[in-house]
Every structure is written in C-alpha cells, then in structure tokens.
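An overview of the molecular structure
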Amino acid sequence: MRTILDRAKKVLVAGSVLGCAVALSTTAFAQQPVDWQLSLQDSATPVMDEIRWLNYFTLAIITIITLFVLGLLVYCFMKFNADKNPTPSKVTHNTTIEVVWTVVPILILMVIVAPSLRLLYKQETLPEPDVTVKVVAYQWYWGYAYPDYEIDEYISTILHDKEDPDVSLQLRQEKAAERGESIDNYPRLLAVDNELVVPVGKVVRLDMTSADVLHAIAVPSFGIKMDAVPGRLNSLWFKAEKEGLYYGQCSQICGTDHAFMPIAVRVVDEETFENWAATAAEDIDSGWETLAADIRRENGTTQLANN
C-alpha cells in the first residue's frame, strides 16, 4: 500500500511541475497572441509586470491547495475504505479540524488580497501624463486625437475584407512593404491601417468615450482594459517600456462587426514620435509617410523589438 501511495505522489508532483512549466512558458511575440498560447502575453509595462506576477503567484497557491486536497482524498480512499473499516466510524465533528479549515482559508485569502489591492490601486491611480490621447469608439473602428499636439481625430480601421481573403492579405502585405517590415507584424484580423502611436518610456493617458454603443479597449501586453461608454468619459494609463507593435481588441460585444475592431499601438522612440506628431499636426497623411520613413530607416540597421 505504501508503494502505491509513493507512486501516486510521484505522479502528482511530476504532473504539477509539467503544468507549471507549460503555464509559465512565454511566447515568441510579445505584441500579439500565438497559436496554442496558454500563458499571458509578454509584458511591456510595469502594470503588466505585476499582473503576470500576481497570476503566477495565485497559480502556485491554487496548485498547492489542489494537490493537498487530492492527497487527502487519496489518503481517505486508502485508509478508510470498507475493507479496512467494516464498522464505520460514528464521529460527527472535530472542533480542531473545523477551526483549522476556517482559519487557514482566511489567511490564504489575506495573502492573495494584499498584492491584489496594491495592483488595483496602481491601475486606478492616474499619474501625470506625458501624452494624452482622446479615444472615441465607433461601430466598428476607433478614432484617436492628440489635443496636446493639435492632431485632429484620425480613424483606425481593420485591414481586412470579409468577402475576399486575398484582398485582406494584399492589404497587409502593402502595409508591411510600406514600413519595411515582415508580414508577421501584421496578423490577420488584428492589423489596422492607422495605429495609435506613442513614445516609449512615457506615461500615456487615454481619455475614452463612445459615439454609439458600449465598447471596450483592451491591450493584453499593457495590462489595460476599460469600457468606452456613450455619454461618459473613462480614463486609463500605461507606460510602454519596449518599442514595438502591440495588438488588442474591443472586448465588449458591440454588434455584428465586434470581431473586426482591433487595436494596434505602435511604440516608438521619442524622436520618431515627435517627428510624426509635428508632421501629423499639419497633415495626417504626411505624418504616416514620415513615420514609415523613420521605421524603414530604423529597420535598415535593427528590427523592431519583439520581432
């Protein structure tokens, strides 16, 4: 019997280690999801760093509890089965055990609550922004404006044709060629014509609302998610610490084309951002040409982060 229990313990431990290894694995592309992805996307902001830590911290606690309960069940099956106990015990309660299984869960919850509240406070406390962007959600695209830089609202729409997949591929190929980047940077159903452009290492504040129905902006690598509500102004912030192209989606069901409302955020160095902003304030089309030229020049010597 002891041999069987020892083998069972080894199997449980091996399964736990394998499960944690899979869950903790990272993806090749931080800015977009990949096939069969089990873990969170790689972090690009301090808030997402804490979200990932809290996720794995909680996973470890849950794993320990699950294995402990499973071990108790196996122990009870082995020790208190009918063959070994033909006369069942008539014990109805145990004060010590009842106190323990009340107090211990409370202590575990307190351990989880402390970092959770700290993270929530950090997410909800808006620091002084370096860049403020006005975001307006529409059915089914996004509008971005930069009041501090006098950039009027421009529209960000998915590069996709629902009727012809070949057209969708062509649109993404043209965008990649224009920027001198790989087509892999413009995934199907996530690539857009005009990205939200922000500088690296700066606090960006998004003031958002909706022009029609409920929408929600969510970018997993930044650890941000907020509803865009008609007639109401909601705000969130992020500080991207890695240059690259990051993707998210509208995460509030908003109608027939909800699945075709992605969010693309291009994080660039401060000089590139200032060049784009100065040009875009005069003419948004010229701004995209300036940005594309800067990206091509950068890609001549180095690739964008996370590619």
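All of these numbers come straight from a predicted model, not from anything done at the bench. (Residues numbered from 1 in each chain as written. Predicted model: local features only at pLDDT ≥ 70, side-chain atom pairs only at ≥ 80, totals over all residues. Heavy atoms only, no water.)

A few words on helix α6 (residues 284–299). An ideal rise of 1.5 Å per residue puts 22 Å on 16 residues; α6 measures up with 22 Å between its terminal C-alpha atoms. Elements that come into contact with the buried residues of α6 comprise β3 (151–156), α4 (165–179), β4 (196–199), β10 (262–268) and α5 (270–282). (Helix = DSSP H or I, 4+ residues; strand = E, 2+ residues; numbered from the N terminus. Expected span 1.5 Å × (residues − 1). Contact = heavy atoms within 4.5 Å.)

A few words on the pattern of salt bridges. A full pass over the atoms with the stated rule returns ten salt bridges. Between aspartate 294 and arginine 297 there is a salt bridge, with the nearest N and O atoms lying 2.2 Å from each other. Placement of the pair is aspartate 294 and arginine 297 together in helix α6, with a separation of three residues, close to one helical turn. On the accessibility criterion, aspartate 294 (7% relative accessible area) is buried. With relative accessibility at 54%, the residue arginine 297 sits in the exposed group. (Salt bridge = Lys/Arg side-chain N within 4 Å of Asp/Glu carboxyl O. Buried < 20%, exposed > 50% of the residue type's maximum accessible area, 1.4 Å probe, protein only.)

Burial within strand β2 (residues 141–146) is extensive, with five of its six residues counted as buried. Here strand β1 (residues 131–138) pairs with β2 via five bridges, running antiparallel. Looking at β2, one finds that lysine 134 is bridged to alanine 145. Between β1 and β2, which pair antiparallel in sequence order, lie two residues. Taking the residues between adjacent antiparallel strands as the criterion, β2 and β3 are bridged by four residues, where glutamate 150 takes a positive phi near 60°. (Pairing = 2+ DSSP bridges.)

Packing of helix α2 (residues 46–79) against helix α3 (residues 95–124) leaves a shortest axis separation of 10 Å and a crossing angle of 165°. Considered as vectors, α2 and α3 are oriented roughly antiparallel to each other. Pair α2 / α3 crosses with left-handed handedness. Residue-level contacts link Pro46, Val47, Glu50, Ile51, Trp53, Leu54, Phe57, Thr58, Ile61 and Ile65 of α2 to Ile108, Val111, Ile112, Pro115, Ser116, Arg118, Leu119, Lys122 and Gln123 of α3. Grouping the constituent residues of the contact of α2 with α3 by class yields 13 nonpolar, three polar and three charged. (Axes fitted to C-alpha atoms, helices over the stretch in contact; angles between N-to-C directions. Parallel < 35°, antiparallel > 145°, perpendicular 65-115°, else oblique. Left-handed = near helix turned anticlockwise from the far one by under 90°. Nonpolar A, V, L, I, M, F, W, Y, C, P; charged D, E, K, R; others polar.)

So, about the sheet that holds strand β8 (residues 234–238). Spatially, β3-β2-β1-β5-β8 is the arrangement adopted by the five strands of the open sheet, whose pairing is mixed. The open sheet has two edge strands with one neighbour each: β3 and β8. For this sheet, the mean angle separating the axes of adjacent strands, direction not counted, is 25°.

This next bit is on the sheet that holds strand β6 (residues 215–219). Here we have five strands laid out as an open sheet, ordered β4-β10-β9-β6-β7, and mixed in their pairing. Two strands in the sheet have a free side with no partner beyond their single neighbour: β4 and β7 (224–228). Each neighbouring strand pair of the sheet contributes to a mean axis angle of 25°, computed without reference to strand direction.

In this chain, glutamine 139 is followed by tryptophan 140 through a cis amide linkage whose omega measures 0°. Following the sequence through the fold, tryptophan 140 ends up in the loop between β1 and β2. One non-glycine residue, glutamate 150, adopts positive backbone phi at about 60°. Inspection of the secondary structure assignment puts glutamate 150 in the loop between β2 and β3.

Residue-level pLDDT values for the chain average 85, and 88% of them are 70 or greater. For the stretch residues 1–30, pLDDT sits under 50, and the model shows 31 contacts to residues farther than four places along the chain or on other chains. (pLDDT = per-residue confidence, 0-100.)

A surface patch of negative charge is lined by Glu150, Asp152, Glu153, Glu282, Asp283, Asp285 and Glu289. Broken down by secondary-structure element, the contributors of at least two residues to the negative patch are β3 and α6. Structurally, the position occupied by glutamate 153 is in strand β3. (Patch = residues over 30% accessible without salt bridge, like charges linked within 9 Å, V, L, I, M, F, W, Y side chains within 5 Å. Areas by Shrake-Rupley, 256 points an atom, 1.4 Å probe, with all protein chains shown as cover. Lys, Arg positive; Asp, Glu negative; His and termini not counted. Charge placed at Lys NZ, Arg CZ, Asp CG, Glu CD.)

This brings us to the side chain of asparagine 194. Among the structural elements, asparagine 194 can be located in the loop between α4 and β4. Its relative accessible area of 16% is what places asparagine 194 among the buried residues. Setting aside its immediate chain neighbours within four residues, asparagine 194 contacts Tyr144, Tyr154, Ile155, Ser156 and Trp288.

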